[in-house]
Amino acid sequence: MTKENAKKIRKQNRIPYLIFLLFILFASIYMLYSIHLLAGIENKIRTLLSINIVLISIFCLFYNFKVVFHDRKKHVFYLFFCILYTFILTVGARYINKTYHVIDNISTNATRYYSSLITTKENKADSLSEIKTGTIGYLNDSASVDGNQMPKEIIESEKLKNKTIEYEDYVTLLNALFDGKIEYAFVPGNYAIMFSNLDGGKFEHLSESTKVLYTKEKKVTSENTSAGSSLEKPFTVLIMGVDSEAESLEGSTFNGDALMLLTFNPTTLNTTILSIPRDSYVPITCFAGKKKNKITHAAWYGADCMMDTISNFLDVDIDYYLKINFKGVVKLIDKLGGVEVDVPYSFCEQDSSRRFGENTLYVKKGKQTLNGEQALALSRNRKSHADKCSSEWTKGLRNDFVRGQNQQLVLRATLNKLKEVSSLDTLYSLLNTIGDNMETNMKTSEMLSLYNIGKDILVKSNSSNMEDLVGFQRLYLNGYDDYIYDSSMGKNLYEYILYESSIQAVSNAMKVNLERKSPVLEKEFTFDANEEYEEFVIGKQLKGSSATSKIPNVVGLTEKNATTKMKNVGVDVVIRYISEGTGTNGSVLKQSVSAGTEASSTREVILTVLKK
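Residues numbered from 1 in each chain as written. Predicted model: local features only at pLDDT ≥ 70, side-chain atom pairs only at ≥ 80, totals over all residues. Heavy atoms only, no water.

Visitor: Mind showing me how you'd approach the packing of aromatic side chains here?
Guide: What characterises a pair of aromatic rings is the spacing of the ring centres plus the angle enclosed by the ring planes. Following the criterion strictly, the structure yields 13 aromatic pairs and no others. Measuring from centroid to centroid gives 5.4 Å for Tyr170 and Phe195, while their planes differ by 45 degrees, and the two rings are tilted. Here the residue Tyr170 occupies a position in helix α5 (residues 170–178), and Phe195 occupies one in the loop between α6 (191–194) and α7 (206–209), the gap between them amounting to 25 residues. The pair formed by Tyr170 and Phe195 is uniform in burial state, with each residue classed as buried. Note on Phe235 and Tyr320: the rings are 5.9 Å apart at their centroids and 70 degrees apart in plane angle, and the pair reads as edge-to-face. Placement of the pair is Phe235 in strand β6 (residues 235–242) and Tyr320 in strand β11 (residues 320–325), with a sequence separation of 85 residues. Grouping residues by exposure puts Phe235 and Tyr320 together as buried. (Phe/Tyr/Trp six-rings, centres within 6.5 Å; stacked < 30°, edge-to-face > 60°. Helix = DSSP H or I, 4+ residues; strand = E, 2+ residues; numbered from the N terminus. Buried < 20%, exposed > 50% of the residue type's maximum accessible area, 1.4 Å probe, protein only.)

Visitor: Just to check I follow, could you spell out helix α8 (residues 303–314) for this structure?
Guide: Three or four residues apart is the spacing at which side chains of an α-helix point the same way, because the helix has 3.6 residues per turn. If you check α8, its first and last C-alpha atoms are 16 Å apart, about what twelve residues at 1.5 Å a residue would give, namely 16 Å. Burial of α8 is extensive: ten of the twelve residues sit out of reach of the surface. Of the residues making up α8, those classed as buried are Ala303, Asp304, Cys305, Met306, Met307, Thr309, Ile310, Ser311, Phe313 and Leu314. Asp315 occupies a position one or two residues after α8 and carries a positive phi of about 60 degrees. (Expected span 1.5 Å × (residues − 1).)

Visitor: Could you clarify how one ought to interpret the state of the cysteines in this entry?
Guide: Disulfides are covalent bonds that link the sulfur atoms of two cysteine residues. Counted under the stated rule, the structure contains two disulfides. Each sulfur of the disulfide joining Cys348 and Cys389 lies 1.9 Å from the other. An S-S torsion of about 105 degrees defines the bridge between Cys348 and Cys389 as right-handed. On the criterion of sequence distance, the pair formed by Cys348 in strand β13 (residues 347–349) and Cys389 in the loop between α10 (372–380) and α11 (400–418) is long-range, its members being 41 residues apart. Classification of Cys348 as buried rests on a relative accessible area of 0%. When the bonded cysteines of the protein chain are numbered from the N-terminus onward, they pair as 1-2, 3-4. Sulfur of Cys60: no disulfide; nearest cysteine sulfur belongs to Cys82 and is 5.4 Å away. Take Cys60: its relative accessible area is 0%, and that puts it in the buried class. Residue classification places Cys82 among the buried residues on the basis of a relative accessible area of 0%. (Disulfide = S-S within 2.5 Å.)

Visitor: What should I look at first to understand the environment of Asp304 in this one?
Guide: Mapped onto the fold, Asp304 is located in helix α8. Through-space distance from the C-alpha of Asp304 to that of Tyr321 is 9.1 Å; in sequence the pair is 17 residues apart.

And the structure:
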């Protein structure tokens, strides 16, 4: 063999070493980048690991230089080390990146809105191109993205020449559609579920009586974005359940039927948990004039409106929201292998697709492991469904408060089961499920900080139950039932009027846990060993003394008596006389504001009086 051939062979033998060196450097950089993504988690371990990777990379660089340029021996062990080391780094970095990006996808600084143009089933049009004639209705509230802003954009971009009419609210808009006053209406993408539970039941079968001609999606930057820091200080989280027909959060405009507000103190590990009744009658901040309504309707205007509304009446800032698709709860619990819950009563309920019949779910009273469908059914149940099931499944109190307590049971059981996850495959399966069915304004760095909180909880306690690891303090908004006139529905609707004293007690408890207010210590405590212990729930026993002030019905009364009644509820009166009409001379024939309307929502009432 000539010297030139030998030299050529040596050069060829150097190539594998150079290639493996490049692989090692690439894998090292990839791993260092991945470790950097986990900022705030195990900083000492991450630092040591990074230093070791750098040192090994330097060693490989010098060793490789020696092999390539000075050492003619074959180094099988070194090549084996290169392959193994590169594989470990690459696989490790890939798993870290996968985890990070799943968590990152959950975080959002924008809200997705879906606006749909619908018509009745009888209408012959099946697409946007077929609506050359006919009147289109939409909301007149310029603050509504899917009810006003998007419809205007669609009408302009699609060059629709149809006549348009604006309406004050969705109920009036839908009534106009079914009454034939308009042919088409712009509504939120998830309208069939949103409006199916409205009082009166008129819109119960919207999906069967209407059809969608066009749907558009739009992302809008949220006003309630977090600062992106770690969760070292006390914070609040609003959990909102999304009842969507979809298998993910797509088209997830929602009702505020499942609302839980949590405050968490990472120092004391104390958590306050409040279920907010859907019918709570409170000022809706995004309604014109902050008009009072059921709190569930605040969700029609998105997460920002719901957060602002709750912050406003509780006087507590909300740092984060967590939007969860109900169908995602089913998948999550099934992947956990079920959750153990002490079911308070036997019940029957529809499945996650809102089907009864052969799909009806039956769950018996007592401690048992519930699968995803059963756990969701318990979280949803607030009616006995006596028309669907036998008496065995309809006994016991059912209402919005009971449902809130059931949701708390499922939440605690799920947290308990999450502690048991040890398989990496199960963990990634859960992360993928969460990624598709959960959305939050919490930054990725803040979500990663939850690792430190979880670790701290486990270190501080050897208990196996979450209730023993974290102090759960239940709060309760007490109030009374009332019926208040709703102009959009044209009738008195059920509302839950909250006692101010209960609101104040709940607000104070949250502020104490958030370290924004000093606690007031109880000086007296009584205990009787013969009596069963009952957990004290803040806000539950507090009541008020006066009922809601409402506009009275004064039709038929004399002018004097009618005026007195109106002034007793703090409303000014304007008298309008007419000389003709049926009735007693000097009596009220008509009033401009319907009886049952909350008095504080109107300044004056016009009384039409017969004066011959």
